[in-house]
Amino acid sequence: MIPGLFMTHWISIALGVLLVALTLPLTAELAILTSAFFLPRRRPACSAPSAGFELAVLVPAHNEELHVARTVESLRRAAKESDSRIVVIAHNCTDRTAERAAGAGAEVLVFDNPEARGKGFALRHGFEHVFSSGSGAALVVDADSTVSANLIDLVDGAFAAGAEAVQTRYEMTSAGDRGRGRLAALALRGFNLVRVTGRSRLGLSCGILGNGFAIRRSVFEEIPYRALSLVEDLEYHIHLVTAGKQVEFLEDAKVSAELPDSPAGETTQRSRWEGGRFSVARQWLLPLAGRLLRGRLRLAEPLADLAGLPIAYGAFLLLAALVVPETWVRLYAAAALAVLAFHVLTTAWAGGEFAEELRVLCTAPGYILWKLRLLPRLLRSSGSRAAWVRTDRAPAPRKA
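Throughout, a residue's number is its position along its own chain's written sequence, starting from 1. Residue-level local features of this predicted model are given only where pLDDT is at least 70; pairs of side-chain atoms are given and counted only at 80 or more, and the full residue set underlies all totals for whole chains, interfaces and linings. In computing side-chain values, all of the structure's heavy atoms are included and hydrogens and water are not.

A. Main features of the packing of helix H11 (residues 311-321) against helix H12 (residues 327-350). Comment: axis = line fitted to C-alpha atoms, over the contacting stretch for helices; angle = value between 0 and 180 degrees taken between N-to-C directions. By the criteria applied, helices consist of DSSP H or I runs no shorter than four residues and strands consist of E runs no shorter than two, each listed in order from the N terminus. Two elements in contact, H11 and H12, have axes whose closest approach is 8 Å; the angle formed by their N-to-C orientations is 150°. Relative to H12, the element H11 is oriented roughly antiparallel. Along this stretch, H11 crosses H12, giving a crossing that reads as left-handed. For the pair formed by H11 and H12, the contact residues are Ile311, Gly314, Ala315, Leu318, Leu319 and Ala321 on the first element and Val329, Arg330, Tyr332, Ala333, Ala336, Leu337, Leu340 and His343 on the second. Angle categories are assigned with fixed cut-offs, so that under 35 degrees is roughly parallel, over 145 is roughly antiparallel, 65 to 115 is roughly perpendicular, and the rest are oblique. Definitions for this section: a left-handed crossing has its near helix turned counterclockwise from the far helix by less than a right angle. A right-handed crossing has that turn clockwise. Here, residues are in contact when the closest pair of their heavy atoms is within 4.5 Å.

Structure, rendered in structure tokens:
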């Protein structure tokens, strides 16, 4: 073989191996969990709440005067006559969050500590407060959310039936008609619903999504809340699964929130989420792999989830793999892209407006290019010194 062609051949093989290694965790995760989404539903046993069992709802809030009253009112409607308490953690607030929360009927816990920036610090403070004062479990709901009327009853019932940790359905919708926002909402439905449902129907821990999750006091006492990164939900779930705990999915209880409606807010939120995931992946991939090799087989899915790239980046790399001059690489890329298409179409179908979602998918190339432009900022957010930055949002809609 001519030396130049020989070198080109081995470069293309090396490139193909790299592209397969980078995209295989995502491809495997989507293939398994999207298929499992169509399995028969596993219905956890539910019971009436135990007498004297108090559920505390923690609402971490940093400068959320525009939304917090609506959230508290939604929670009070769901609580009905239960023993639940609603505790708003006014965390480093410089606005009227505490006043608005108290006016809506919540218990307010003021937590001012400029060195403790980020949701994780507020949650740790809130968990310690409610569990030390007798609550049997705590449910986390973000301060810009509304909840379904059955939320408190279903969470209470799951704990009464023996659950140690639960995650409710978490929906994020786009406030406007921008294609990028609609695509982001579609991607999050895949992440928050299709994948979570797939895990649940396989009998795996469904994960923690940061909003609408709850834990028993006994779990907190065994596994203290030390998740203080930019993605505290992912970090704490790793703590739980490595300790042998399982988070159950309550598909019929729902927490809803809106994505930021401004490009700046969307960029900030996406950078924090995905940059934070990259940081946690650097910290936990090798420890999880080591535990898996020592026989902890149930860690295989959390490991694949952590190693998987965001879909936009995975799609870009798979498209690049199609032009690698190696037949096996091209065959893999074609099969993997078919898996991505299966997942995306399932996600669109799950939203109930399939034809409209297909129209939104036509803007996917622009969305992928936006994500590629965002990559330097994501990498900065993944650094150990990355600071938490609040996402700016529009005011809550007024009641008619």
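There is more to say, and it comes next.
B. Looking closely at helix H8 (residues 232-242). Relative accessibility decides the category of a residue: with a 1.4 Å probe and only protein chains considered, values under 20% of the type maximum give buried, values over 50% give exposed, and everything between is partly exposed. Burial analysis of H8 places 11 of its 11 residues in the buried class, the great majority of the element. All of the buried residues in H8 are Glu232, Asp233, Leu234, Glu235, Tyr236, His237, Ile238, His239, Leu240, Val241 and Thr242. In the segment just after H8, glycine 244 is the residue with positive phi, at about 85°.

C. Structural detail: unusual backbone geometry. Its identity is not glycine, yet asparagine 63 carries a phi of approximately 55°, on the positive side. Along the chain, the position of asparagine 63 falls in the loop between strand E1 (55-61) and helix H2 (68-79).

D. Structural detail: the packing of aromatic side chains. Classification of ring pairs uses Phe, Tyr and Trp, with its six-membered ring standing for Trp, and accepts pairs whose centres are within 6.5 Å; under 30 degrees between planes counts as stacked, over 60 as edge-to-face, and the remaining range as tilted. One pass over the structure, following the stated rule, counts 10 aromatic pairs. Where phenylalanine 38 meets tryptophan 349, the ring centres are 5.9 Å apart and the plane angle is 35°; that geometry is what we call tilted. Taken together, the positions of phenylalanine 38 in the loop between helix H1 (3-36) and E1 and tryptophan 349 in helix H12 put the pair 311 residues apart, joining distant regions of the chain. By the ring-pair criterion, three or more aromatic residues cluster together here, those being Phe127, Phe131, Phe220, Tyr225 and Tyr236. Each ring is checked for a lysine NZ or an arginine CZ that lies within 6 Å of its centre and within 35 degrees of its normal; such an atom marks a charge sitting over the ring. Positioned over the ring face of phenylalanine 37 is arginine 201, at 5.8 Å from the centre of the ring.

Purely spatial values, then, with no claim about function.
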